[in-house]
Amino acid sequence: IRMYKEKEIFDQFDGFGIGSVTDKPGINSLTKSLTSFFNNMRDYKKPLHLFGTSGLNSILIINYAMNKFKRENTTYDTSSFVLLSRKFYKLVNVWTNFHIRFGEQQNNILPKLPCICPVCLTVKGMDVIKRYDSLSSSYLLLHNLYQYIQYAYFTDVLRSDLNLLRDYILSTHNLIDKKLLD
């Protein structure tokens, strides 16, 4: 973006999409990278879309940084729910951070899935748990997508109160360096 600004073609764009803002795992590295990025973007008022910043921690920290640095015109996308269902064959509960692995190799004997989302209420647990095919993978994908949408909505609402969002981050991520949120 600085390069475009220096070349005086910045005004020709309605907004920007940037990928790979952070590549380091861990909540502290993620928080440091994203807050530093948002701080550097403070003077750019055009819409911004972040690619490749998926995951529940990213959603949480992006919402925090959007409030702290007054970047309301920022969007992001995620594909983590797809990877969890297709590659790792996991059902996610974003509220407990509990993942259940499914497939023929697993010995789960649940009569139903431990979830009341619209997807899980319509399928029998064993239909998904014991199978490892495109249909059961699709059920997991839809369940995980529903979970991510709920979580994105939840963090978006909390974003309106920076102190409340900060308290939520600290209560759910006990390993986070509190100084990174200041």
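Our subject is the structure listed above.
Okay, so let's go over this structure. (Residues numbered from 1 in each chain as written. Predicted model: local features only at pLDDT ≥ 70, side-chain atom pairs only at ≥ 80, totals over all residues. Heavy atoms only, no water.)

1. Structural notes on the pattern of salt bridges
Test applied: Put simply, a salt bridge is a Lys or Arg side-chain nitrogen that is within 4 Å of an Asp or Glu carboxyl oxygen. Counting from the N terminus, the helices are the DSSP runs of H or I reaching at least four residues and the strands are the DSSP runs of E reaching at least two. For every residue, the accessible area (1.4 Å probe, protein chains only) is compared with the maximum for its type, and the residue is labelled buried under 20%, exposed over 50%, or partly exposed between those bounds.
According to the stated counting rule, one finds two salt bridges in the structure shown. Residues R159 and E72 are paired through a salt bridge, measuring 3.1 Å at the closest nitrogen-oxygen approach. Taken together, the residues span a long stretch of sequence, with R159 in the loop between helix 6 (134-158) and helix 7 (162-172) and E72 in the loop between helix 3 (56-68) and strand 3 (74-76) at a distance of 87 residues. A residue is classified by how much of its surface remains accessible, and R159, at 11% relative accessible area, is buried. The closest approach of N and O atoms between R159 and D156, which form a salt bridge, is 2.9 Å. By relative accessible area, which is 35% here, D156 ends up partly exposed. One connected set of salt bridges, linked through shared partners, spans E72, D156 and R159.

2. A short note on helix 6
Using the following cut-off: How far a helix is expected to stretch is found by multiplying one less than its residue total by 1.5 Å.
Helix length check: helix 6 (25 residues) gives 36 Å between terminal C-alpha atoms against 36 Å at 1.5 Å per residue, within 8%. All of the buried residues in helix 6 are S136, S137, L140, L141, H143, N144, Q147, Y148, Y151, T155 and L158.

3. Topic: unusual backbone geometry
One non-glycine residue, K70, adopts positive backbone phi at about 55 degrees. Examined against the element boundaries, K70 turns out to sit in the loop between helix 3 and strand 3. We classify K70 as exposed; its relative accessible area is 60%.

4. Quick look at the packing of helix 3 against helix 6
What counts here: Only C-alpha atoms enter the line fits that serve as axes; for helices the fit covers just the stretch in contact. Angles between N-to-C directions range over 0 to 180 degrees. Throughout this description, any angle smaller than 35 degrees is read as roughly parallel, any larger than 145 degrees as roughly antiparallel, any in the 65 to 115 degree range as roughly perpendicular, and the remainder as oblique. Handedness of a helix crossing follows the sense of rotation of the near helix relative to the far helix, less than a right angle counterclockwise being left-handed and clockwise being right-handed. Contacts: residue pairs with any heavy atoms within 4.5 Å of one another.
Packing of helix 3 against helix 6 brings their axes to within 9 Å, and their N-to-C directions diverge by 20 degrees. Classed by the angle they form, the pair helix 3 and helix 6 counts as roughly parallel. For the crossing formed where helix 3 meets helix 6, the hand is right-handed. Contact with helix 3, carried on its side by L56, I59, L60 and N63, involves Y148, Y151, A152, T155 and D156 of helix 6 and no other residues of that element.

5. What to know about the nonpolar core
Rules: As used here, the term nonpolar core means buried Ala, Val, Leu, Ile, Met, Phe, Trp, Tyr and Cys residues forming a set that is joined through side-chain atoms within 4.5 Å.
Of all hydrophobic cores here, the largest spans 34 residues; its most connected members are F37, F38, L48, I61, Y151, I169 and I176. Listed by contribution, the elements that provide at least two residues to this core are strand 1 (16-19), helix 2 (27-40), strand 2 (48-51), helix 3, helix 4 (80-86), helix 6 and helix 7. Among the elements that line this core, the one with the most residues is helix 3, at eight residues. In this structure I169 touches L60, I61, Y64, I176 and L181, once residues within four positions along its chain are discounted.

6. Remarks on the sheet that holds strand 2
The test is simple: Strand pairing is assigned whenever DSSP identifies at least 2 bridges connecting the two strands.
Taken in spatial order, the three strands line up as 1-2-3 in an open sheet, and their pairing is parallel. The open sheet has two edge strands with one neighbour each: strand 1 and strand 3. Going from strand to strand, the sheet's axes swing by 20 degrees on average, the running direction of each strand aside. In the sheet, strand 1 pairs with strand 2 via four bridges, with the strands oriented parallel. When the sheet's bridge partners are listed, F16 is paired in strand 2 with L48.

7. Things to note about the packing of aromatic side chains
Applicable threshold: Centres within 6.5 Å are what make two rings of Phe, Tyr or Trp a pair, Trp counting through its six-membered ring; a difference in plane orientation under 30 degrees is then read as stacked, over 60 as edge-to-face, and the rest as tilted.
In the structure shown here, the tally under the stated rule is one aromatic pair. Seen from their ring centres, F154 and Y168 are 5.1 Å apart, and the 70 degrees between their planes marks the pair as edge-to-face. Here the residue F154 occupies a position in helix 6, and Y168 occupies one in helix 7, the gap between them amounting to 14 residues. The class for Y168 is buried, based on a relative accessible area of 17%.

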